[in-house]
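Fold and contact review
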Amino acid sequence: MKIVHTVEDVRKAVQAWKADGKSIGLVPTMGYLHEGHKSLIDKAVAENDHVVVSVFVNPIQFAPTEDLESYPRDLEQDARLCEAAGASLIFNPEPSDMYSPTFSSFIDMSTLTQGLCGKTRPIHFRGVCTVVGKLFNIVEPNRAYFGQKDAQQLAVIKHMVDDLNFNLEIIGCPIVRETDGLAKSSRNTYLSAEERQAALVLSKSLALAEKMIQDGETDTDKLKQAMTDFIEKEPLAKIDYVEFVDWKTLEPVSQIDRPVLNAIAVYIGKTRLIDNHIYE
């Protein structure tokens, strides 16, 4: 497995593979890889001849008050995981290689990004769409792999690919969880032992709603209230949002009568965590 740091080098590698008729999978990441990322790489390796994993903490999706500088990084650990999973190449560019001093072109979206995480992180998806669009143009993969844990991101990327006619397939992959139910996330490393235990309130509140739906409840106001009451019993938790939205449009719904995304964002201490469940 190779690690390259420039657009020119990753393009050379990919062009050589394509000249041999090989298929390319792309797994975009911000690094500090865990078992959730590995599940994406595993699926990409199973479905493509070569897999490129991008490791890039994208500065333009962070607001000035967010954790860009403190976001965890460990390229050596990432390389070990990628090599063990069978990836062919890591693309680890410098911000200056992705964004020149005169950079001024962005991919913006007027739908799907107004609610959920977009409500409190207004620049986030502009940065995500721009960097992912650049990666698609640089690598030109046949398929790209994204985790369902970032469900809004997955929906936004699928919409962007349709709108802008990118010539690739987007593959969504299931959430990977710890044995106690906590969704795996690079930000889990920020949690103290007490906060780590408190963070289970996210997956437990989703399970509460799922049980209510299995028992016949379809009114999303009642489901949201039950989840909110449950989360608020945890002293270390502060709710950002608890929502039920149409899985295709991300518009709020009043009933579970179509494919629906139940998405939540909760601060545990100072750490913002997200989780979700999709009813299809």
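As the structure is a prediction and not an experimental result, all values here were calculated from the model.

**With respect to the sheet that holds strand E8 (residues 260-268)**
Sheet architecture is open: 3 strands sit in the order E7-E8-E9, paired in antiparallel fashion. The open sheet has two free edges, formed respectively by strand E7 (237-246) and strand E9 (271-279), since each of these has just one partner strand. This sheet shows a mean twist of 15° between the axes of neighbouring strands, independent of strand direction. Where E8 meets E9, 9 bridges bridge the pair, whose relative direction is antiparallel. Of the residues in E9, the one forming a bridge with Ala-265 is Ile-274. Sitting on the sheet, helix H10 (residues 220-232) is in contact with E7 and E8, with an inclination near 160° to E7.

**Quick look at the UniProt feature "binding site: (R)-pantoate" (unreviewed entry) in the protein**
Per the UniProt record, the feature "binding site: (R)-pantoate" (unreviewed entry) sits at Gln-61 and Gln-153. Their sequence span is 93 residues, while the largest C-alpha to C-alpha distance among them is just 12.0 Å; these annotated residues converge on one region. Its location among the elements puts Gln-61 in the loop between strand E3 (50-55) and helix H3 (75-85). Each residue touching Gln-61, except ones within four places of it in the same chain, is listed here: Met-30, Glu-66, Arg-121, Ile-123, His-124, Gly-127, Val-128 and Val-131.

**Side note on the packing of helix H6 (residues 124-139) against helix H7 (residues 151-164)**
For the pair H6 and H7, interaxial distance at closest approach is 11 Å and the crossing angle is 55°. Viewed along their axes, H6 and H7 adopt a mutual orientation that is oblique. Handedness of the crossing formed by H6 with H7: right-handed. Counted together, Phe-125, Val-128, Cys-129, Val-132, Gly-133 and Phe-136 of H6 and Gln-152, Gln-153, Val-156, Ile-157, Met-160 and Val-161 of H7 form the full contact between these two elements. Grouping the constituent residues of the contact of H6 with H7 by class yields 9 nonpolar, 3 polar and no charged.

Definitions and limits used
- Residues numbered from 1 in each chain as written.
- Predicted model: local features only at pLDDT ≥ 70, side-chain atom pairs only at ≥ 80, totals over all residues.
- Heavy atoms only, no water.
- Pairing = 2+ DSSP bridges.
- Helix = DSSP H or I, 4+ residues; strand = E, 2+ residues; numbered from the N terminus.
- Axes fitted to C-alpha atoms, helices over the stretch in contact; angles between N-to-C directions.
- Contact = heavy atoms within 4.5 Å.
- UniProt positions renumbered as here; feature names shortened; annotations may be inferred.
- Parallel < 35°, antiparallel > 145°, perpendicular 65-115°, else oblique.
- Left-handed = near helix turned anticlockwise from the far one by under 90°.
- Nonpolar A, V, L, I, M, F, W, Y, C, P; charged D, E, K, R; others polar.

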